[in-house]
Amino acid sequence: MKKDPDHTTTPTIQVIERMFSLIDVLASREEAISLKEISQKTGLHPSTAHRILNDLASGRFVDRPEAGSYRLGMRLLELGNLVKGRLNVRDAALAPMRDLHKLIQQPVNLSMRQGDEIVYIERAFSERSGMQVVRAIGGRAPLHLTSVGKLFLAADDPLRVRSYATRTGLSGQTRNSITQLQVLERELSRVKQSGFARDNEELELGVRCIAAGIYDDQGKLLAGLSISAPADRLDDGWLAKLQETAKAISATLGYPTGP
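This section reports on the structure supplied with the text.

Definitions and limits used
- Residues numbered from 1 in each chain as written.
- Predicted model: local features only at pLDDT ≥ 70, side-chain atom pairs only at ≥ 80, totals over all residues.
- Heavy atoms only, no water.
- Buried < 20%, exposed > 50% of the residue type's maximum accessible area, 1.4 Å probe, protein only.
- Helix = DSSP H or I, 4+ residues; strand = E, 2+ residues; numbered from the N terminus.
- Arc of directions from axis to C-beta.
- Polar contact = N/O pair within 3.5 Å; in protein donor to acceptor, adjacent residues only side chain to side chain.
- Pairing = 2+ DSSP bridges.
- Contact = heavy atoms within 4.5 Å.
- Axes fitted to C-alpha atoms, helices over the stretch in contact; angles between N-to-C directions.
- Lys, Arg positive; Asp, Glu negative; His and termini not counted.
- Salt bridge = Lys/Arg side-chain N within 4 Å of Asp/Glu carboxyl O.

## Some points on helix H6 (residues 158-168)
Okay, step 1: Buried residues of H6: Val161, Tyr164 and Ala165, and no others. The buried residues of H6 occupy an angular sector of 100° when the element is viewed end-on, so they sit on one face. In H6, the exposed residues that point more than 90 degrees away from the buried face are Leu159, Thr166 and Arg167.
Okay, step 2: With a side-chain oxygen positioned 3.0 Å from the backbone nitrogen of leucine 159, the residue opening H6 is aspartate 157.
Okay, step 3: After H6 finishes, the residue glycine 169 shows a positive phi value of roughly 75°.

## A word on the sheet that holds strand E3 (residues 69-72)
Okay, step 1: The three strands are arranged E1-E3-E2 in an open sheet whose pairing can be described as antiparallel. Single-partner strands in this sheet number two, and they are strand E1 (33-34) and strand E2 (62-63).
Okay, step 2: Examined bridge by bridge, E2 and E3 share two bridges and lie antiparallel to one another. Bridge assignment links aspartate 63 to a residue of E3, and that residue is arginine 71.
Okay, step 3: Here helix H1 (residues 14-27) sits on the sheet and contacts E1, E2 and E3; the angle it forms with E3, its principal contact strand, is near 90°.

## Details of the side chain of aspartate 216
Okay, step 1: Inspection of the secondary structure puts aspartate 216 in the loop between strand E8 (207-215) and strand E9 (221-230).
Okay, step 2: It is lysine 220 that comes nearest to the buried, bridge-free aspartate 216 among opposite-charge side chains, at 5.9 Å.
Okay, step 3: A polar atom in the side chain of aspartate 216 sits 2.9 Å from the backbone nitrogen of glutamine 218.
Okay, step 4: Beyond its immediate stretch of four places on either side in the chain, aspartate 216 contacts Leu222, Leu253 and Tyr255.

See below:
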């Protein structure tokens, strides 16, 4: 591959550098590009470019509209929208989260679903909360063991919930963890009826959570807002404020909250 004489950084993994160069070439044109032209622009041998492009195509990062031509795939759009959604919901949620935290003096978490887990994307907390464990931004947890995860599972149809249970085995982490499908289905039914979810020391002993959903302009569950507290300190009186805060964030994202 041709190198800039002023570029002195040696790539850690050569195939990743080649993959990036291929994606850059595809991104430079709106229409599909032939393998020959891709090879010329990247300096890669056609067989090498072909092999990497085929691997990218298998992951839907690249499309092949016809034999011998390539363009960027839909997976990149999906990932881009995921990042955009996270940035938007975080921006909308940060100030209301901080206000809620000041009111209750307990950690407030913002989480989104990614596959079979939730990922924590923002938090508001202080040392005065007395919490021994504060979820780190970027941390993950299984859906069925968390209050926000239960919101997402409750939004799924029964077949998808059963598929989730089969994939994950509903493994537990504490004596309170839900590890049986029938018990989980009853729990999700309660979540649907009440509009909020609980974690009763299911992820970690000594920590309980309550969560409410955040919705986008299409009415789709986008994220969850949760309060974490020591098990003996969680106050159900916080639920109304939590739901009010989640509703305000949803309204900022375009969700209709009027009558």
